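# Inside the fold
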Amino acid sequence: MILTKQYRCVHSSSCQCTKGHLSEDVIFLVFNNLNWNPKLIATLSCVCKWFDDLAKRVLWKEFCRTRVPKMMLDLQSSGTHSIDGNWRALGKLLIYCSGCKKGGLFKNVHIPGHFVYRTRFSKTSGKSFLLPQCINDVLYVSDPCEHLDQGEEGDIGFFRGVFKSFATTNVRRMLINKGAQLHPTEVCPYCKARLWSMLQANMIPQTASCRLGSYEECVDYHVCLNGHMVGICTLLPLSDSEEASEKE
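Residues numbered from 1 in each chain as written. Predicted model: local features only at pLDDT ≥ 70, side-chain atom pairs only at ≥ 80, totals over all residues. Heavy atoms only, no water.

## Considerations on the pairing of strand 10 (residues 228–235)
This is how the line gets drawn: The buried label goes to any residue with under 20% of its type's maximum accessible area, the exposed label to any with over 50%, and the partly exposed label to all in between, with areas taken from a 1.4 Å probe on protein chains only. Under the scheme used here, helices are H or I runs from DSSP no shorter than 4 residues and strands are E runs no shorter than 2 residues, and both carry numbers assigned from the N terminus. Only strands joined by at least two bridges in the DSSP assignment are considered to pair.
For strand 10, the buried fraction is high: eight of the eight residues fall into the buried class. Side chains His228, Val230, Ile232 and Thr234 project from strand 10 onto one buried face, and the interleaved Met229, Gly231, Cys233 and Leu235 project onto a second face that is buried too. Pairing of strand 6 (residues 156–163) with strand 10, which is carried by seven bridges, proceeds in the antiparallel orientation. Following the sheet pairing, Val162 is matched in strand 10 by His228. Sheet topology note: the strand 9 (residues 214–224)/strand 10 ladder contains six bridges and is antiparallel. Bridging across to strand 10, Val223 finds its partner in Met229.

## Considering the pattern of salt bridges
Put simply, the rule is: Here a salt bridge means any side-chain nitrogen of Lys or Arg lying within 4 Å of a carboxyl oxygen belonging to Asp or Glu.
Per the counting criterion, the structure on display carries eight salt bridges. Salt bridges linked by common partners bring Glu24, Asp53 and Arg57 together as one network.

## A look at empty space enclosed by the protein
We apply this condition: Grid points spaced at 1 Å over the protein atoms alone were grouped into cavities, where a 1.4 Å probe fits but cannot get out, and pockets, open sets with protein on both sides within 12 Å along at least five of seven lines, with lining residues defined by an atom within 4 Å of a point. Grid points are joined across faces, edges and corners, and a volume is the space filled by probe spheres set on the points. Ten residues, namely Ala, Val, Leu, Ile, Met, Phe, Trp, Tyr, Cys and Pro, are considered nonpolar, four, namely Asp, Glu, Lys and Arg, are considered charged, and the remaining ones, Gly among them, are considered polar.
Per the counting criterion, the structure on display carries one cavity of 30 Å³ or more. The volume enclosed by the largest cavity comes to roughly 50 Å³. Considering the residues around the largest cavity, the lining is formed by Cys97, Ser98, Phe106, Phe158, Phe159, Arg160, Tyr190, Val230 and Gly231. Take the lining of the largest cavity: its biggest share by element is three residues, from strand 6. Split by residue class, the lining of the largest cavity holds six nonpolar, two polar and one charged.

## A word on the nonpolar core
In plain terms, the rule: Definition of nonpolar core: a set of buried residues of the types Ala, Val, Leu, Ile, Met, Phe, Trp, Tyr and Cys, connected through side-chain atoms within 4.5 Å. Domain ranges listed in this record stem from an automatic or a database domain assignment.
Leu59, Met71 and Phe158 are the most contacted members of the largest nonpolar core, which has 49 residues in total. Those elements giving two or more residues to this core turn out to be helix 1 (24–33), helix 2 (38–45), helix 3 (49–67), helix 4 (69–75), helix 5 (87–95), strand 1 (96–97), strand 6 and strand 10. In terms of residue count, helix 3 provides more of this core than any other element does, nine residues in total. Counting contributing residues, this core receives three or more from each of domain 1 (24–71) and domain 2 (120–235). One finds Cys134, Val141, Trp196 and Val219 within the second-largest nonpolar core, a separate group that totals 24 residues.

See below:
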């Protein structure tokens, strides 16, 4: 891979990197050898704006390609070379469960966000979150991240996802045609874009609860302007969720 070499920080006059940086191709080779470690990429981003820009343009992109190669090929198969909301946002979505703060998107639930080692994303599962009118859209959705025994809230599951080419999806078109309102205060935990509530827009199909193994009336999710999805559900006891899967 050929990268443009930049040796000095051109973004900030206050940057301490007065003697210049390693070239981008050297940094690329170092992180390739480190298997695109996300913690190290995040650490490098904090050094200065030059490194932050490099991480967003190159390192997070390679991290995503390495972590979910088939998913990345599909998300880019429409001809675009970039991803909605930038590569760093997508990288974070792959490895971070957003949780929820009390009084936030999901009201009374307070569960801190955390990193997860590995999560499976499936566009087959994503079909279960789409109305029949939107079934041709492509949505990758994670398995729910389980947070058990949350008092009165029961067993909570958080899930997340991303649309392919969200700007051209039927979901986005329906939200706009319905006049769906964006959340007045909360933003996407991955890219900071504003959010639509799929529950308020009455666009959550029954198949979503079947796929999640959750109570039908306890599924809620939001979609941001860049096509990232964040959601919550109350999970059924194991025996009941197995019966729901059989019905699906």
